[in-house]
There are 2 protein chains.
Amino acid sequence: MYYAGVDIGGKNTKMGIVDDFGVVVSSMEYKTQMERGYDAILLELIENIKSLCEQAGLDFDELSGIGIGVPGIVNSRAGLVMSCANLNWKGVELAGDVKNLTGKECKVCNDANCAALGEQRFGSGRNYKNLVFITLGTGIGSGIIIDGKLFEGLGCAGAEAGHMGIQIESDEVCSCGNKGCWESFISASALVAQTEEAAKKNPDSLLAKMCKEGVSGKTAFLAMNKGDAVAKNVVDRYISYITYGIIGLANILHPQAFVLGGGIANEGATLILPIKSALNAYIDNNGFYPYVDVVGARLGNSAGFMGAAALVM
Amino acid sequence: MYYAGVDIGGKNTKMGIVDDFGVVVSSMEYKTQMERGYDAILLELIENIKSLCEQAGLDFDELSGIGIGVPGIVNSRAGLVMSCANLNWKGVELAGDVKNLTGKECKVCNDANCAALGEQRFGSGRNYKNLVFITLGTGIGSGIIIDGKLFEGLGCAGAEAGHMGIQIESDEVCSCGNKGCWESFISASALVAQTEEAAKKNPDSLLAKMCKEGVSGKTAFLAMNKGDAVAKNVVDRYISYITYGIIGLANILHPQAFVLGGGIANEGATLILPIKSALNAYIDNNGFYPYVDVVGARLGNSAGFMGAAALVM
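These numbers were taken from a predicted model, which means no experiment stands behind them.

(A) Seen up close, the packing of aromatic side chains. One pass over the full model with this rule turns up eight aromatic pairs over all chains. Consider the rings of B:Tyr282 and B:Phe288, whose centres lie 6.1 Å apart with planes at 80 degrees: the pair is edge-to-face. Under the relative-accessibility criterion, B:Tyr282 is labelled buried at 6%. Positioned above the aromatic ring of A:Phe60 is the side chain of A:Lys104, whose terminal nitrogen or guanidinium carbon lies 4.9 Å from the ring centre. Of note, B:Lys50 hangs over the ring of B:Phe60, and the distance from its end group to the ring centre comes to 5.2 Å.

(B) Summary view of the side chain of A:Ser76. All names here are of chain A. Mapping Ser76 onto the fold places it in the loop between β5 (73-75) and β6 (80-84). Given a relative accessible area of 17%, Ser76 falls into the buried group. There is a polar contact of 2.5 Å between the side chain of Ser76 and the side chain of Glu152. Other than its neighbours up to four places away in sequence, Ser76 contacts Val108, Cys109, Glu152 and Cys156.

(C) Region of interest: the interface of chain B and chain A. If you look at the interface, chain B gives 46 residues, while chain A gives 46 residues. Buried surface at the junction of chain B and chain A, summed over both partners, amounts to about 3,700 Å²; 63% is from carbon and sulfur atoms. Inspection of the region where chain B meets chain A yields 24 residue pairs in polar contact (both at pLDDT 80 or more). Put simply, the parts of the chain that give the side of chain B that touches chain A at least two residues each are β10 (140-146), α8 (229-253) and α9 (269-286) of chain B. Its residues placed into classes, the side of chain B that touches chain A shows 26 nonpolar, 17 polar and three charged.

(D) Just the pattern of salt bridges, in detail. Residues and elements named next belong to chain B. Applying the stated rule across the entire model yields ten salt bridges over all chains. Between Lys232 and Asp236 there is a salt bridge, with the nearest N and O atoms lying 2.8 Å from each other. In this pair, Lys232 and Asp236 both sit in helix α8, four residues apart, roughly one turn of the helix. A relative accessible area of 37% places Asp236 in the partly exposed class. The partner of Lys276 in a salt bridge is Asp293, and the shortest N-O contact between them spans 3.0 Å. With Lys276 in helix α9 and Asp293 in strand β13 (residues 293-296), the pair connects residues that are 17 residues apart, well separated along the chain.

(E) Focus on the pairing of strand β8 (residues 106-110) of chain A. Residue and element names in this part refer to chain A. For β8, the buried fraction is high: four of the five residues fall into the buried class. The pairing of strand β4 (residues 63-70) with β8 spans five bridges and is parallel. For Gly69, the partnering residue across the bridge sits in β8 and is Cys109.

(F) Representation of the sheet that holds strand β2 (residues 12-19) of chain A in the model. Residue and element names in this part refer to chain A. Overall, mixed pairing links the five strands, which are arranged β3-β2-β1-β4-β8 in an open sheet. Two strands in the sheet have a free side with no partner beyond their single neighbour: β3 (24-31) and β8. Adjacent strand axes in the sheet meet at a mean angle of 15 degrees, parallel and antiparallel pairs treated alike. Examined bridge by bridge, strand β1 (residues 2-8) and β2 share seven bridges and lie antiparallel to one another. Paired with Val6 across the two strands is Met15, which belongs to β2.

(G) Here's a closer look at the packing of helix α3 (residues 111-122) of chain A against helix α10 (residues 303-311) of chain A. Residues and elements named next belong to chain A. One can describe the packing of α3 onto α10 by two numbers: an axis separation of 7 Å at closest approach and a directional angle of 80 degrees. As judged from the angle between their axes, α3 and α10 are roughly perpendicular. When α3 is examined against α10, the residues Cys114, Ala115, Leu117, Gly118, Glu119, Arg121 and Phe122 are found in contact with a partner set consisting of Ala303, Gly304, Met306, Gly307, Ala308, Ala310 and Leu311. Taken together, the residues that form the contact of α3 with α10 break down as nine nonpolar, three polar and two charged.

(H) Broad picture of the state of the cysteines. All names here are of chain B. What the rule picks out here adds up to zero disulfides over all chains. Unpaired in terms of disulfides, Cys109 finds its nearest cysteine sulfur in Cys114, a separation of 4.6 Å. No disulfide involves Cys174; its sulfur sits 3.8 Å from the nearest other cysteine sulfur, which is in Cys176. Given a relative accessible area of 15%, Cys174 falls into the buried group.

About the thresholds
- Residues numbered from 1 in each chain as written.
- Chains lettered and ligands numbered in written order.
- Predicted model: local features only at pLDDT ≥ 70, side-chain atom pairs only at ≥ 80, totals over all residues.
- Heavy atoms only, no water.
- Phe/Tyr/Trp six-rings, centres within 6.5 Å; stacked < 30°, edge-to-face > 60°.
- Buried < 20%, exposed > 50% of the residue type's maximum accessible area, 1.4 Å probe, protein only.
- Lys NZ or Arg CZ within 6 Å of the ring centre and 35° of its normal.
- Helix = DSSP H or I, 4+ residues; strand = E, 2+ residues; numbered from the N terminus.
- Polar contact = N/O pair within 3.5 Å; in protein donor to acceptor, adjacent residues only side chain to side chain.
- Contact = heavy atoms within 4.5 Å.
- Buried area = accessible area lost by both parts, 1.4 Å probe.
- Nonpolar A, V, L, I, M, F, W, Y, C, P; charged D, E, K, R; others polar.
- Salt bridge = Lys/Arg side-chain N within 4 Å of Asp/Glu carboxyl O.
- Pairing = 2+ DSSP bridges.
- Axes fitted to C-alpha atoms, helices over the stretch in contact; angles between N-to-C directions.
- Parallel < 35°, antiparallel > 145°, perpendicular 65-115°, else oblique.
- Disulfide = S-S within 2.5 Å.

As structure tokens, then:
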């Protein structure tokens, strides 16, 4: 059977037609153009799904359902987008509206949760029924899978591990109102700030030289790989921030695996192995076996729409 | 039907015969005497269950099962006590041994998890299918109920929220190997240390005077109620530590309720209302409704054995 998965982003919308085995038979990406408003976005979205069906040689009637991921607070049980700052949506009955316009079953969910489900069904999490997915992007997204199903909690706000506080004695107040949120230590933006700070303090370092040509989440890793000790310090500290939160989550949830996605996770083993080894040394010390796997996400930007499709499988 | 519930503690063992409605038809408490070793403890435990049946006018054959809570790492699926420092047990097949000796179905579980289940089935959590239970005792115990069932994670180590780190830049290393564990801020022992520190810094305060007669987890609350500002500061800060971790847990799990047990929770509304109001102000700010309840546990020392009995219901 075939399903449409849609990942609505603040900038771009990605979508694809996916079968039960996770084969993407057609896909596309286009600008969301949020300024056009809810109705126009919705109609375009449905038109685009129809074109994707055509591209794949499918009749629209052959589609078994439509799943949609939205970057905001979504009550997935009610099919309601409670709020989505990026798109300026509030209290929108997205699932019901899509169903009325297409006759298809529609489910909606938080975008990070969709990506978590995508990785669990078709990506790096395929061997695991219990996992925590974390995206190290501009911000932090996270999703929790328990017994093969998305765990969203009461408000379906979507397992916001990025707002778990890891530094109570902090002066930095997060937009959420909390302080010392994990996100403010481990997001790509946080890593950029940490890199800039180290470069400033060590103006003669290779890192400082490289920073002059612009700073991204990759800069510290690049400088470290060229042998810069200041950069290695930045990376080590950044990794210890990730590990600290992961140990906290392991104490609460003890999943089979943590799956790390987002731009920074492209650093691969350099990032992931130290986290995995620190986590399992901790488990060793406390005897709450089995060990927990830590792996990189595999589906990249497709995780969101593939997971959205999995909502209606 | 009738079930035996047993709560083995490092010092005392509590047990009771409980029916499906949570009525305790007979119960007892006795010294665990761990120095006698596993076999002797086990045989005495079974003898005591038999006497409890007699006391209740029940035939031992009428007992439908035996549930046991143990203060350690328990693989509840395998019925195995992986390790229990208090009793010096390691890799003990408790459930299997009880079954062999009695012919009864037996389940074992971490003691805090049993207490969580007890409160959810028969105590303050009765209205909630999704809750997080936290005991504010000498140490911190916690349990998570999802969809009316205990959630234990892969290793069944038992939802150890006390070892979620809330202060990454901390020098204090916990026995678990982590630093800045929530437990080191909110346990009764932590509150005693916070009280003593404040008394030392403010030798003329009422708090300091009261501390001379001995310090417990109640001292700061008592002095605050008598109008002492230093004590109020200690209590406010202590409550903010609890709230900080609860907001972290709400971001991850968003349960319907937090149930607070243990000695400190006896402070009642003084402790609970500020936490509840801060948590729901946070939810308001972020729009991930519904609100979350915060309530005090109701079953006291009976929660453990009642929850243990619920394991086999």
